[in-house]
Amino acid sequence: MLPCINWLQPFLALISSTLLTHGHNCPSRCLCPDHHTVNCTSQGLTGIPDSVPLDVRRLLLSNNWIPWIPSDFLVLYSDLLYLDLRNNSLSQLEPGTLSSSSRLVFLDLGSNNLTEIPSGMFGELKSLIKLRLGNNPYLTIVGRNSFTGLTSLRELELERNGFAILDVRVLEPLPSLRTIRLEGNPWLCNCHFAKLFVWLTQNRHKLPAGMEGIECSLPMDGRRVPLSLLSEDSFRECHGTLTLTDYLIVIFSGISVSFAAIMASFLLASIVHCFHRLSKGSKGDEEEGKE
Ligand SMILES: *[C@@H]1O[C@H](CO)[C@@H](O)[C@H](O)[C@H]1NC(C)=O
Ligand SMILES: *[C@@H]1O[C@H](CO)[C@@H](O)[C@H](O)[C@H]1NC(C)=O
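Rules behind the numbers
- The residue count restarts for each chain, going from 1 along the sequence in the order it is written.
- Labels follow written order: the first chain is A, the first ligand is 1, and so on.
- Totals for whole chains, interfaces and linings use all residues, but because this is a predicted model, local features are given only for residues with pLDDT of at least 70 and pairs of side-chain atoms are given and counted only at 80 or more.
- The basis for every side-chain value is the complete set of non-hydrogen atoms in the structure, without hydrogens or water.
- The predictor attaches a confidence to each residue, and that confidence, scored 0 to 100, is pLDDT.
- Any two residues whose heavy atoms approach within 4.5 Å at even a single point are treated as in contact.
- For salt bridges, the criterion is a side-chain nitrogen of Lys or Arg within 4 Å of an Asp or Glu carboxyl oxygen.
- Put simply, DSSP marks the helices as runs of H or I at least four residues long and the strands as runs of E at least two long, and each gets a number from the N terminus on.
- When a residue's accessible area, from a 1.4 Å probe over protein chains only, is under 20% of the maximum for its type it is buried; when over 50% it is exposed; and in between it is partly exposed.
- Strands are treated as partners if at least two bridges between them are detected by DSSP.
- Whether a residue is near a molecule or strand depends on its heavy atoms: it is near if one of them lies within 4 Å of it.
- What qualifies as a polar contact is a pair of N or O atoms within 3.5 Å, subject to a donor-acceptor requirement within protein and to the restriction that residues adjacent in sequence count only when both atoms come from side chains.
- Using a 1.4 Å probe, accessible areas were evaluated by the Shrake-Rupley method; residue-level cover was limited to the displayed protein chains.
- To qualify as a nonpolar core, a set must consist of buried Ala, Val, Leu, Ile, Met, Phe, Trp, Tyr and Cys residues joined through side-chain atoms within 4.5 Å.
- Orientation is described by lines fitted to C-alpha atoms, with helices fitted over the stretch in contact, and by angles between N-to-C directions that extend from 0 to 180 degrees.

In low-pLDDT segments, the atomic positions of the prediction should not be examined closely. Summary statistics for the protein chain give a mean pLDDT of 83 and a share of 77% for residues scoring 70 or more. Low pLDDT, under 50, characterises residues 1-5; the predicted model gives this stretch zero contacts beyond four residues in sequence or across chains. For the stretch residues 10-24, pLDDT sits under 50, and the model shows eleven contacts to residues farther than four places along the chain or on other chains.

Below is the structure:
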């Protein structure tokens, strides 16, 4: 009896895998070209199909209208290596949704409507090599620890998002990073940009379009210039040393600050004066108590 079962096992496995591949286990409107691939690209889907086999390794869901993914998604599909959700309607991901798979190698969330990458979102994706987050035009917030733990990540795409500033500490814990795309964001090269600028200068070989491919707006007139025209000197005043910079940022912002200070003192003085007169008029002499 026992040897017989042993002998039958490969056959049973073959039959069940054939059924899984060509039978009812491929979700309707999707293609399953091999045992581990489910391709539901451009099918007008508004949610993740129900009957995706649990052992799927490549799940292609791009060009649909999927607005959210269940928070236990990667717990369920724990064999997943390749997940393509490009060009969907994702606006928010619950923290932890994508943090539980240690196998995922490729993740594409580009061309969605994400606004924030919360800290811990990719917590345990230790095998992740490529992460695409570009073309999310409202994406402006990245949690400080969003990318910590992505120890294998080689390629990070953050192009054409909504970033005016990015805390450089977000990028620092990425030991395997080879390529990072940051072009097409509304970068603002004020003092908050200084640290990122230094990091970019040191990591310019990781920028596919180089420093000249990334533009930022000058604080005084909003004119956009490629980063290659700036130098660390352009941000000198941010360290407290007053020098003439490439675009006279110092002088200009200095004048604005003084002007603002004068206006503020003037306003304050008027208010105090008014208050004094008012309190004198109503209650008489109370100045000693106030001082
Ligand atoms: C995004 O998906 C929509 C819906 O399937 C499609 O019409 C559009 O062409 C796709 N855009 C790109 C750039 O692939
Ligand atoms: C994308 O998000 C923005 C801001 O949250 C919102 O105003 C807009 O309607 C969203 N667009 C789509 C297509 O969901």
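Looking now at the pattern of salt bridges. If you walk through the whole model with that rule in mind, you get eleven salt bridges. As a salt-bridge pair, E159 and R181 come within 3.9 Å of each other at their nearest N and O atoms. One end of the pair, E159, is in the loop between β8 (155-157) and β9 (179-181); the other, R181, is in strand β9, with 22 residues separating them in the sequence. Under the relative-accessibility criterion, E159 is labelled buried at 2%. For the salt bridge of D233 with R236, the shortest nitrogen-to-oxygen distance reads 3.1 Å. By relative accessible area, D233 is classed as partly exposed at 36%. A relative accessible area of 35% means that R236 is categorised as partly exposed. Connected through salt bridges with shared partners, the residues R86, D108, R132 and E157 form a single ionic network.

Read from one edge to the other, the open sheet built from three strands follows the order β10-β11-β12, with strand pairing classed as mixed. With one partner strand each, in any of the chains shown, β10 (187-188) and β12 (224-226) form the two edges of the open sheet. As paired strands, β10 and strand β11 (residues 215-217) are joined by two bridges and run parallel to one another. Its bridge partner being in β11, W187 is matched across the sheet by C216.

Surveying the vicinity of ligand 2 reveals the residues N113, T115 and Y138. Between N113 and ligand 2, the recorded distance is 2.5 Å, taken from a side-chain N or O atom to an oxygen atom. Protein contacts shield 32% of the accessible area of ligand 2, which totals 360 Å² for the unbound molecule.

With that out of the way, let us pick up the nonpolar core. L107, L109, F122, L131, L133, F147 and L156 are the most contacted members of the largest nonpolar core, which totals 66 residues. Those elements giving two or more residues to this core turn out to be α2 (73-76) and α3 (194-202). With five residues, α3 is the single largest residue contributor to this core.

Attention now moves to the site of ligand 1. Close to ligand 1 lie N63, W65 and N87, which account for all nearby residues. A distance of 2.9 Å separates an oxygen atom of ligand 1 from a polar atom in the backbone of N63. In this structure, an oxygen atom belonging to ligand 1 sits 2.3 Å away from a side-chain N or O atom of N87. Burial of ligand 1 by the protein amounts to 40% of the accessible area it has alone, namely 360 Å².

Here the focus is the sheet that holds strand β6 (residues 130-132). Spatially, the seven strands line up as an open sheet ordered β1-β2-β3-β4-β6-β8-β9, and their pairing is parallel. Edge strands, defined here as strands with exactly one partner in the open sheet, are β1 (37-39) and β9. Strand after strand, the sheet turns through a mean of 5 degrees between neighbouring axes, direction not considered. In this sheet, strand β4 (residues 106-108) lies alongside strand β3 (residues 82-84) in parallel orientation, the contact comprising three bridges. Across the sheet, the residue bridging to L83 is L107, located in β4.

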